[in-house]
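Here's the letter readout for the chains.
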Amino acid sequence: MSTQLAWIKKNVVTCLSRDERVRLIDWSKADLSLSVQAQLLGLNRSSLYYQPVPPSAEEIALKHRIDQISTDHPCYGSRRITEQLKREGMQVNRKAVIRHMHEMGLVAVYPGPNLSKRAHQAAISPYLLTNITASYPNHIWGLDICQPTAHRLVG
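All of the points below concern the structure found in this document. (Residues numbered from 1 in each chain as written. Predicted model: local features only at pLDDT ≥ 70, side-chain atom pairs only at ≥ 80, totals over all residues. Heavy atoms only, no water.)

This part is about the layout of surface pockets. Taken as a whole, the largest pocket encloses approximately 170 Å³ of empty space. What lines the largest pocket is a set of eleven residues, and nearest its centre among them are Leu24, Leu32, Gln37, Leu40 and Leu41. If you list the elements that add at least two residues to the lining of the largest pocket, you get helix H1 (2-15) and helix H3 (34-41). A breakdown of the residues in the lining of the largest pocket according to their chemical character gives eight nonpolar, one polar and two charged. (1 Å grid on protein atoms, 1.4 Å probe; cavity = no way out; pocket = protein on both sides within 12 Å on 5 of 7 lines; lining within 4 Å. Points joined across faces, edges and corners; volume = space filled by probe spheres on them. Helix = DSSP H or I, 4+ residues; strand = E, 2+ residues; numbered from the N terminus. Nonpolar A, V, L, I, M, F, W, Y, C, P; charged D, E, K, R; others polar.)

Listed below in structure tokens is the structure:
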């Protein structure tokens with residue numbers, strides 16, 4: 001009997017999502033106790049009683065304002081947004097602004113590192129005529145090859 005219970009527990013945990021396993025709980029406590037059901041379904045008993053709290057009206061208003069500031073000024077990070085909110089009279093912590101920005105997926109637009117360094121593709125070509133002197137006309141020729149892009153050919 002214990003082998004069958006172990007097999008059921010293993011397969012239920014791997015085949016069903018957490019929400020589906022929570023729905024399988026029998027709250028009437030008729031046959032099995034709640035702790036045994038939670039153990040068989042691979043759930044923590046304490047997590048069964050948790051009821052998520054909806055966000056408050058102030059938090060929703062703060063998130064809307066953070067989103068509006070971030071849309072108007074995409075280069076503003078958490079520090080500038082916090083200062084802007086404080087100028088508007090809102091009492092807010094920078095870490096709260098960071099948390100709300102992370103929840104909404106907002107990131108400031110800023111330049112990446114090493115922008116002043118030359119790209120490897122744009123390396124300077126060596127000068128090949130160092131030891132050659134132009135002694136007569138048409139001795140040295142130069143050629144610049146440009147490949148036209150597709151949008152210029154189609155147009």
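This brings us to the nonpolar core. Ranked by size, the top nonpolar core spans eleven residues in total: Leu62, Ile66, Ile69, Tyr76, Ile81, Leu85, Val92, Ala96, Val97, Met101 and Leu106. Sorting the residues of this core by element identifies helix H4 (57-72), helix H5 (78-87) and helix H6 (94-104) as the ones contributing at least two each. Core analysis: the next-biggest nonpolar cluster, separate from the first, contains seven residues, Ile25, Leu34, Leu41 and Leu48 among them. (Core = buried A, V, L, I, M, F, W, Y, C linked by side-chain atoms within 4.5 Å. Buried < 20%, exposed > 50% of the residue type's maximum accessible area, 1.4 Å probe, protein only.)

Relative to the helices and strands, leucine 41 resides in helix H3. Assessed through its relative accessible area of 10%, leucine 41 is described here as buried. Sequence-wise, leucine 41 and lysine 10 are 31 residues apart; in three dimensions their C-alpha atoms are separated by 8.5 Å.

We now examine the side chain of serine 78. In this structure, serine 78 sits in helix H5. Within the local environment of serine 78, its side chain forms a polar contact with the side chain of arginine 94, the two groups lying 3.3 Å apart. Contact partners of serine 78, with chain neighbours within four places excluded, come to Arg94, Val97, Ile98 and Met101. (Polar contact = N/O pair within 3.5 Å; in protein donor to acceptor, adjacent residues only side chain to side chain. Contact = heavy atoms within 4.5 Å.)

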